[in-house]
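Take a look at the letters that make up each chain.
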Amino acid sequence: MENKKLLKYLKVKRFSSLILVLTFIVAAIIPSMALAIDDNSYDFEKEISKYSENYKVSTEPLGLEVGESTSLMKYVVSLGGDENGEFIWLSSDSDMAVVDAVGNVTAKQNGTVKIYGVSEGINFVFTIIIKDYSKNNIITNFPKLNDNPKLRAASGKLKVFVDPGHGGVDPGATGPTGYQEKQMALDVGLRLKSKLEAEGIIVQMSRTTDVALGANETEDLMARANMGNSFGADIFVSIHNNSATPAALGTETFIHDSFGPGIDEARDLATKVQNNLISKLNSVDRKVKTADFAVLRETSMPAILAELDFISNPTIEAKMKTPEYREMCAQALYDGIINYFDLTPGNPIPVQGINLSDNDIYLTEGYTKIVTANVQPANASNKNVTWTSSDNNIATVDSNGKVKAIAEGEAVITATTENGGFKASTNVKVIKGINGHRLFGSDRYETSFEISKQGWKDGQGANVVLASGEDYPDALCAVPLARKYSAPILLTRKNSVEQGLKDELTRLDTKKVFIIGGETVISKSVEQSIKDMGIDVERLGGDTRYETSVLVGNKIDSNGEVTIANGLNYPDALSIAAIAANKNMPILLTDKSSLNDSVKSFIKDKGFTKSYVVGGTTVISDELIKQLPNATRISGNDRYETNKNVISTFSNSIDFSKVYIAVGNNYPDALSVAPLAAKDGNIVILSDTSNTTNNTIINALGSNYNKVNNAYILGSSSMISDGYLNNNGIAVK
């Protein structure tokens, strides 16, 4: 040994087992000497490099709390090490955790550290995760999220969380021919999921593909436990393979090294799973064991970690590579779980209720929609239902719940369970349907050109408003300006003028272009390209979006009314843009709490007598409203309800014969179409396509629905689907 980094040889005499959570990589097997550096001030990298050629073995991550100590020797023994052998013990970071000469490790501060037990030819490597586990609140008291799972089994609402170990960049253990633990665990996990779901048990998996769940080992392990807890699982089953020497073999199942009713349940689950694994696989019984593995410590339900066998054994690895063996593993896990819950496959479970996927449905004549019946419990033996319609002249329904709209009117669709006669119904409103027409291009720029062609004939676009297709703030206030000059809004890229824009300006015979925004939004080179076409250019761009809104507002011949919207988001401004334009109201932008000085001065100088504030208190505060003349707030719980309330507020001045539908989660299409809507006093409706079963459009129109003859949809069916439109009473021709 070197100078002051003196290593002291000591004999390992005993081992202990306290609560821990560590990752265990073993690469030293038959130890003969035990030593540690007295002051733990050695150069770890220098010391461990001496043993880089040693054989390595690994187990799952373990964990400790700050100040907690535990012995690592029981894990060494479990993997075939000699309890009475002698080791060199090293810590990768002595500031985080220290280890003494007999393998007792003590956690000093939160983080992740590796502890090496080095023997002749073998390294036992333990990854220790140190954090605040609050074990007294979680482990000793669970089950915490649910009642006793065995009692819940009778209700048919069981949830099982299946955790295939490792994944992504972490292969886990690797067999002699390269077969990886992560592959084996995932395949078995997917098979287990299918078996449990066939029994009516609700299953969630930590992963269903080859992915990691965190940026590092600690985050990955915590993510698995947190997913199980959030899911509200009744039990947690983690699937792994063991690894040690090529001769090692056998199956073992771990539970947490703790106490309490939850641990008793976990032990019962582990025993039943272990017994079935031994029986099905005909493997060596390494028994149910305790360990402080991270996923066992962090979960708040009975949790087990099954080590199916040793992938390091060539014979076992060859078996693991066969689908037949993996199927046996999944069946054994399944049988153990079923035994734990005292369930008997095939034993009838009665129906206790039913509900339907939809409460109210709007359908256009001739269209269909699938309604799904959800029978409770999920594992009921007989889930058959009978479907009926209260009026087949209005709507029919087949044996699969497919509803077809026949004629205008209302009908009630009912599903009745075969077992128990439970009923659930949905109201179907069949409507004539609004004629739908799609209006779009290959991208937002081409869509703006197509909108221009729809609203402005050849040679009739003397004025054009040019806005950024890449950034919304400056463009939000541009619609009233476009309305004043009977101009379309065309979109451009920041630094280039594409041919489509030049072609449209030529078609319109444009004489003047208003550029909205400064040169950081639309560059000088774009401005020059337009001038080179012989077109006059006027730029309206302030130092901020708020100042730009004032510059644009000065161009509007106001009627004494003004609109105020938040400049840090687009939906509220777009909801009122066409209406504001039609009523000659400037759209001024603000932040949540204070008016920009230029905006404040503009409001004062213009002498506005009425202001409309669009958006709730989360976007524009009550204090700011007090600074505005005769202010009316128009808001909703979300952008779609705000859009609905804007339409309702101004319904008397809206021509509903024609409406325009744009997605509510992006601004370009709604911005481009607003001047076209304003030309004829129409409106733009923001559609919520995140859920294709909602009735956002119908809700926005309310009682004005029957006034609409035509709807123009901004976007292809991949953006706004026919099904969504049909659900909102629009039939695309």
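A brief look at the structure comes next. Please read these numbers as outputs of a predicted model, since none were measured by experiment.

**Things to note about the overall build of the chain**
So, step 1. Scanning the chain from terminus to terminus reveals 22 helices and 38 strands.
So, step 2. Burial analysis of the chain (733 residues in total) assigns 56% to the buried set.
So, step 3. Long-range pairs, those at least 24 residues apart, make up 75% of the contacts in the chain between residues at least 6 apart in sequence.
So, step 4. Counting only carbon and sulfur atoms, one obtains 46% of the accessible surface of the chain, whose full area is about 28,600 Å².

**Quick look at the packing of aromatic side chains**
So, step 1. Going through the model one piece at a time under the given rule, you end up with 14 aromatic pairs.
So, step 2. Arranged with centres 5.9 Å apart and planes meeting at 65 degrees, the rings of Phe-87 and Phe-124 form a pair that is edge-to-face. Residue Phe-87 is found in the loop between α2 (73-78) and β6 (88-91), and its partner Phe-124 is found in strand β10 (residues 122-130); the two are separated by 37 residues along the sequence. Here Phe-87 matches Phe-124 in class, with each residue buried.
So, step 3. Following the ring pairs from residue to residue traces out a cluster consisting of Tyr-75, Phe-87, Trp-89, Phe-124 and Phe-126.
So, step 4. Here the guanidinium or amino end of Lys-610 rests over the ring plane of Tyr-612, the centre of that ring lying 5.2 Å away.
So, step 5. Its end group placed over the ring of Trp-456, Lys-679 keeps NZ or CZ at 4.6 Å from the ring centre.

**Observations regarding the environment of Leu-501**
So, step 1. As for its placement among the helices and strands, Leu-501 is situated in helix α13 (residues 499-508).
So, step 2. Owing to a relative accessible area of 1%, Leu-501 belongs among the buried residues under this scheme.
So, step 3. Between the C-alpha atoms of Leu-501 and Ser-448, which are 53 residues apart in sequence, the distance is 9.3 Å.
So, step 4. Setting aside its immediate chain neighbours within four residues, Leu-501 contacts Phe-449, Leu-466, Leu-490 and Thr-492.

What counts as what
- Residues numbered from 1 in each chain as written.
- Predicted model: local features only at pLDDT ≥ 70, side-chain atom pairs only at ≥ 80, totals over all residues.
- Heavy atoms only, no water.
- Helix = DSSP H or I, 4+ residues; strand = E, 2+ residues; numbered from the N terminus.
- Buried < 20%, exposed > 50% of the residue type's maximum accessible area, 1.4 Å probe, protein only.
- Contact = heavy atoms within 4.5 Å.
- Areas by Shrake-Rupley, 256 points an atom, 1.4 Å probe, with all protein chains shown as cover.
- Phe/Tyr/Trp six-rings, centres within 6.5 Å; stacked < 30°, edge-to-face > 60°.
- Lys NZ or Arg CZ within 6 Å of the ring centre and 35° of its normal.

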